[in-house]
Amino acid sequence: LAKTTQPISMDSYEGQEVNITCSHNNIATNDYITWYQQFPSQGPRFIIQGYKTKVTNEVASLFIPADRKSSTLSLPRVSLSDTAVYYCLVKNDNAGNMLTFGGGTRLMVKP
Amino acid sequence: DTAVSQTPKYLVTQMGNDKSIKCEQNLGHDTMYWYKQDSKKFLKIMFSYNNKELIINETVPNRFSPKSPDKAHLNLHINSLELGDSAVYFCASALAPVYTGELFFGEGSRLTVL
């Protein structure tokens, strides 16, 4: 299974765009990239998933370069309520959801 | 309606005791999981059940015994609790076991062993 590396923490201010990059150098051809968000005292919540190029939904955008060895989660105009831990996962049909989430990136949004 | 619900939310107990955590999902999913989250926020899979059948047991001590009476319920029973069992336990469900889509988590059960 591809290992992922992401920053331990990031700080931002309300209204800014936040980009969190995840490295997954040994990603396999059939791997998908998935991001989850976890608020304190809650379970992780699915944000976005992609395979290549760009995916956008109402919450975030996911940018994946051609070599797919990294991906960037982009949160437009963050608010205080976006303060959370963000997890990057790489998984495929064989592993499904049988995965360990890494330590994630703790995003702190300040007023 | 809560999609994946766990009880209790908090559990404080003494070493050596036996305790259970219950989980129910109303999403109609076939697959349910138990994850353990440690103090460093690593979330590690423990068990996976598909339609009441165990499909994954990730080297978890046999003091941990999951039970699935039906595909909407997956309970976790822990015998002879140890200090290292203190963690937050999350139940989750998915449409199918081999599936790259969304995993739905409960709110977690914080277990503290004294």
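Residues numbered from 1 in each chain as written. Chains lettered and ligands numbered in written order. Predicted model: local features only at pLDDT ≥ 70, side-chain atom pairs only at ≥ 80, totals over all residues. Heavy atoms only, no water.

K.L.:
So what exactly am I meant to see when it comes to the overall build of chain A here?
P.N.:
Along chain A, the regular secondary structure elements total 0 helices and 9 strands. Taken from N to C terminus, the helices and strands of chain A fall in the order β-β-β-β-β-β-β-β-β. In summary, chain A has a C-alpha radius of gyration of 13 Å against a globular reference of 13 Å for 111 residues, a match within 12%. When its C-alpha atoms are laid out on the principal axes, chain A stretches across 40 × 30 × 25 Å. Taking all 111 residues of chain A together, 47% fall into the buried category. Across chain A, every contact between residues at least 6 apart in sequence was considered, and the portion connecting residues at least 24 apart equals 57%. Of the roughly 5,400 Å² of accessible surface on chain A, a fraction of 51% belongs to carbon and sulfur atoms. (Helix = DSSP H or I, 4+ residues; strand = E, 2+ residues; numbered from the N terminus. Rg over C-alpha atoms; globule rule 2.2 N^0.38 Å. Buried < 20%, exposed > 50% of the residue type's maximum accessible area, 1.4 Å probe, protein only. Contact = heavy atoms within 4.5 Å. Areas by Shrake-Rupley, 256 points an atom, 1.4 Å probe, with all protein chains shown as cover.)

K.L.:
Is there a simple way to explain the sheet that holds strand β8 (residues 73–78) of chain B in this structure?
P.N.:
In any sheet, the strands associate via hydrogen bonds between backbone groups, in a parallel or an antiparallel arrangement. Residue and element names in this part refer to chain B. Strand order in this open sheet of 4 strands is β1-β3-β8-β7, and the pairing throughout is antiparallel. The sheet is open, and its two edges are formed by β1 (4–7) and β7 (64–70), each paired on a single side. Strand-to-strand, the axes of this sheet are offset by a mean angle of 20°, without reference to chain direction. Pairing analysis gives 5 bridges linking β7 to β8, with the strands arranged antiparallel. Pairing of aspartate 70 across the sheet is with histidine 73, part of β8. (Pairing = 2+ DSSP bridges. Axes fitted to C-alpha atoms, helices over the stretch in contact; angles between N-to-C directions.)

K.L.:
Hey, could you run me through the pattern of salt bridges in this one?
P.N.:
All names here are of chain B. As enumerated under the stated definition, the model contains 5 salt bridges over all chains in all. Taking the shortest distance from any N to any O, the salt bridge between aspartate 30 and lysine 71 comes out at 2.7 Å. Of this pair, aspartate 30 sits in the loop between β3 (19–25) and β4 (31–37) while lysine 71 sits in the loop between β7 and β8, and the two are 41 residues apart along the sequence. With a shortest N-O distance of 3.4 Å, glutamate 82 and arginine 63 are connected by a salt bridge. Residue glutamate 82 is found in the loop between β8 and β9 (87–94), and its partner arginine 63 is found in the loop between β6 (53–57) and β7; the two are separated by 19 residues along the sequence. A residue is classified by how much of its surface remains accessible, and arginine 63, at 15% relative accessible area, is buried. Connected via shared salt-bridge partners are Arg63, Glu82 and Asp85. (Salt bridge = Lys/Arg side-chain N within 4 Å of Asp/Glu carboxyl O.)

K.L.:
I would appreciate a short explanation of the confidence of the model for chain B in the present structure.
P.N.:
Low pLDDT means the predicted coordinates in that region are not meant to be read closely. When the pLDDT values of chain B are averaged, the result is 89; 95% of them are 70 or greater. Mean pLDDT across the elements of chain B bottoms out in β6(B) (76) and peaks in β3(B) (97). (pLDDT = per-residue confidence, 0-100.)

K.L.:
I would appreciate a short explanation of unusual backbone geometry in the present structure.
P.N.:
Peptide bonds are mostly trans, and most non-glycine residues show a negative phi. The peptide bond linking B:Thr7 to B:Pro8 adopts the cis configuration, its omega dihedral lying at -5°. Although it is not a glycine, A:Ser41 sits at a positive phi angle of roughly 65°. Relative to the elements of secondary structure, A:Ser41 occurs in the loop between β3 (31–38) and β4 (45–50). Phi is positive for A:Arg77, close to 45°, though the residue is something other than glycine. Note that A:Arg77 resides in the loop between β7 (70–75) and β8 (84–92).

K.L.:
Hey, could you run me through the state of the cysteines in this one?
P.N.:
Note: disulfide means a covalent bond formed between the sulfur atoms of two cysteine side chains. Residues and elements named next belong to chain A. Overall, the coordinates contain 2 disulfides over all chains when judged by the stated rule. Residue cysteine 22 pairs covalently with cysteine 88 via a disulfide, S to S 2.2 Å. Disulfide cysteine 22-cysteine 88: torsion about the S-S bond near -80°, hence left-handed. Residue cysteine 22 is located in strand β2 (residues 18–23), and its partner cysteine 88 is located in strand β8; the two are separated by 66 residues in the primary sequence. (Disulfide = S-S within 2.5 Å.)

K.L.:
What is the right way to read the pairing of β3(B) from this model?
P.N.:
Sheet faces and side chains relate simply in a regular strand, where the side chains alternate between the two faces. All names here are of chain B. Where β1 lies against β3, 4 bridges are found, and the strand directions are antiparallel. In the sheet register, serine 5 faces β3, and the bridge partner there is glutamate 24. Where β3 lies against β8, 4 bridges are found, and the strand directions are antiparallel. Within β8, the residue paired with serine 20 across the bridge is histidine 77.

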